[in-house]
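Here is what each chain is made of, one letter per residue.
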Amino acid sequence: SQTIHQWPATLVQPVGSPLSLECTVEGTSNPNLYWYRQAAGRGLQLLFYSVGIGQISSEVPQNLSASRPQDRQFILSSKKLLLSDSGFYLCAWGPGQSSYEQYFGPGTRLTVT
Amino acid sequence: AQSVAQPEDQVNVAEGNPLTVKCTYSVSGNPYLFWYVQYPNRGLQFLLKYITGDNLVKGSYGFEAEFNKSQTSFHLKKPSALVSDSALYFCAVRDADTGRRALTFGSGTRLQVQP
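These numbers were taken from a predicted model, which means no experiment stands behind them.

Visitor: Tell me what's going on with the overall build of chain B, and back it up with residues and numbers.
Guide: Across its full length, chain B carries zero helices and twelve strands. For chain B, the α and β elements follow one another from N to C terminus as β-β-β-β-β-β-β-β-β-β-β-β. If one aligns the C-alpha atoms of chain B with their principal axes, the spans along those axes are about 45 × 30 × 20 Å. With 115 residues in all, chain B has 47% of them scored as buried. A separation threshold of at least 6 residues defines the contact pool for chain B, and within that pool the share at least 24 residues apart is 57%. In chain B, 11 side chains carry a positive charge and 9 a negative one; their mean positions are 6 Å apart.

Visitor: Before we move on, can you summarise the pairing of strand β2 (residues 10–14) of chain B with the specific residues and values?
Guide: All names here are of chain B. Residues Val11 and Val13 point to one face of β2 and are all buried, whereas Gln10, Asn12 and Ala14, pointing to the other face, are not buried. Inspection of the sheet shows β2 paired to strand β12 (residues 109–114) by five bridges, in the parallel sense. Paired with Val11 across the two strands is Leu111, which belongs to β12.

Visitor: Can you tell me about the packing of aromatic side chains, naming the residues and giving the values?
Guide: Residues and elements named next belong to chain B. Enumeration according to the criterion identifies 15 aromatic pairs over all chains in this entry. Pairing Tyr36 with Phe46 gives two aromatic rings, centres 5.9 Å apart and planes at 70°, and the pair type is edge-to-face. In this pair, Tyr36 is assigned in strand β5 (residues 31–38) and Phe46 in strand β6 (residues 44–50), connecting sequence segments ten residues apart. For the ring pair Phe90 and Phe105, a centre distance of 6.4 Å and an interplane angle of 85° mean the geometry is edge-to-face. Here Phe105 lies in strand β11 (residues 104–105) and Phe90 lies in strand β10 (residues 87–95), a separation of 15 residues in the sequence. Each of the two residues, Phe90 as well as Phe105, counts as buried.

Visitor: Tell me about the pattern of salt bridges, and name the residues and values.
Guide: All names here are of chain A. What the rule picks out here adds up to six salt bridges over all chains. One salt bridge in this structure joins Arg68 and Asp71, with 3.3 Å as the shortest N-O distance. Taking relative accessible area as the criterion, Arg68 reaches 3% and is therefore assigned buried.

Visitor: Talk me through the sheet that holds strand β7 (residues 65–70) of chain A; I want residue IDs and the actual numbers.
Guide: All names here are of chain A. Strand order across the open sheet formed by four strands is β1-β3-β8-β7, with antiparallel pairing between neighbours. Edge positions in the open sheet fall to β1 (3–7) and β7, since each of these has one partner strand only. Going across the sheet, the axis of each strand differs from the next one's by a mean of 20°, ignoring polarity. As defined by bridge partners, β7 adjoins strand β8 (residues 73–78) across four bridges and the pair is classed as antiparallel. In the sheet register, Ala66 faces β8, and the bridge partner there is Leu76.

Visitor: Could you give an account of the side chain of B:Glu64, naming the residues involved and the relevant values?
Guide: Residues and elements named next belong to chain B. Examined against the element boundaries, Glu64 turns out to sit in strand β8 (residues 64–68). Polar side-chain contacts of Glu64 include one of 2.9 Å to the side chain of Lys58. Those residues in contact with Glu64 that sit more than four places away from it in its chain are Leu48, Leu56, Val57, Lys58, His75, Leu76 and Lys77.

Visitor: Outline the interface of chain B and chain A, listing residues and values.
Guide: Taken together, the 25 residues of chain B in the interface contact 25 residues of chain A. For the pair chain B and chain A, the two sides together bury roughly 1900 Å², of which 51% comes from carbon and sulfur. Ranking the residues of chain B by area buried against chain A places B:Leu44, B:Arg101 and B:Phe105 at the top, with a combined share of 29%. Here chain B and chain A share four residue pairs in polar contact (both at pLDDT 80 or more) between them. Counting residues per element, the ones that place at least two in the side of chain B that touches chain A are β5, β6, β10 and β12 of chain B.

Visitor: Which residues make up the nonpolar core, and what values do they have?
Guide: Residue and element names in this part refer to chain B. Core analysis: the largest hydrophobic core is formed by 27 residues, its most contacted members being Trp35, Leu47, Leu48, Phe74, Leu76 and Tyr89. A total of four residues in this core trace back to one element, the largest contributor, which is β10. Apart from the residues within four sequence positions on either side, Leu48 is in contact with Leu33, Phe34, Trp35, Val57, Lys58, Gly59, Phe63, Glu64, Ala65, Phe74 and Leu76.

The rules we used
Just so you know, the residues in each chain are numbered from 1, in the order the chain's sequence is written. Lettering for chains starts from A, numbering for ligands starts from 1, and both go in the order in which the items are written. Given that the model is predicted, a residue must reach a pLDDT of at least 70 before its local features are reported, and side-chain atom pairs must reach 80 or more before they are shown or counted; all residues, however, enter totals for whole chains, interfaces and linings. The side-chain numbers reported here are obtained from all heavy atoms of the structure, hydrogens and water having been left aside. For helices the rule is a DSSP run of H or I covering at least 4 residues; for strands it is a run of E covering at least 2, with both sets numbered from the N terminus onward. Under the scheme applied here, a residue whose accessible area is under 20% of the maximum for its type counts as buried, over 50% as exposed, and between as partly exposed, the area being computed with a 1.4 Å probe on protein chains only. The contact criterion used throughout is that any non-hydrogen atoms of two residues lie within 4.5 Å. None of His or the chain ends enter the tally, which takes Lys and Arg as positive and Asp and Glu as negative. Here the site of a charge means NZ on Lys, CZ on Arg, CG on Asp, or CD on Glu. The criterion for strand pairing is that DSSP finds at least two bridges linking the strands in question. Two aromatic rings from Phe, Tyr or Trp, using only the six-membered ring of Trp, form a pair when their centres are within 6.5 Å; if the ring planes differ by under 30 degrees the pair is stacked, by over 60 it is edge-to-face, and anything between is tilted. Each reported salt bridge corresponds to a side-chain nitrogen of Lys or Arg within 4 Å of a carboxyl oxygen of Asp or Glu. Whenever a helix is involved, its axis is fitted only over the stretch in contact; in every case the axis is a line through C-alpha atoms, and angles between N-to-C directions fall within 0 to 180 degrees. Here a polar contact means two N or O atoms within 3.5 Å. Within protein one must be a hydrogen donor candidate and the other an acceptor candidate, and residues neighboring in sequence count only if both atoms are side-chain atoms. When two parts are brought into contact, each loses some accessible area as probed by a 1.4 Å sphere; the total of that loss over both is the buried area. By convention a nonpolar core is built from buried Ala, Val, Leu, Ile, Met, Phe, Trp, Tyr and Cys residues, the set being connected through side-chain atoms within 4.5 Å.

This is the structure we're talking about:
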């Protein structure tokens, strides 16, 4: 069966510091991968998605970037965090070809101080 | 563009009563529709989906949803609510006729089931 991991689970970082959040998927190959941010415990905002290694689509211009160095690894980064980057970051995967539902990881709670 | 509306921020029901969480959508083509549930500080869990076929789809934990094309709705239902159903529920849509694989989520509805 497939599983998705995110780490760290929680993170407190000062403004201006760098960020690296990691997401890995097990038990599947060539998944579509997604990064979402959830602010204030409500709506999800799609940040990035990837259909393959090195292929990243950005949904909104912002202080963040994403990379996919391996088939089942998706990394969310920032060079300098802003207060507004605080939130709950969720990684998700979907089957490669007939991508219907997405399956979410446990999330990372980021607090920028 | 695709969008989802969940008109109720919160729904309150008594345990044992039926529940409905409303969702309407907008897509230019045919919709793929989904419901997810989120418990506090957790990721989203997939409940059910409509892709094609029967308008009434059944999912996990006794939930079901009815696709209504004329009303562009996909309301989530359960015949008898449990206290453990209390959580945040999200409706999502994807346009089946575009190559875009990403889902668009509604703003969420908090379900509170009172004992």
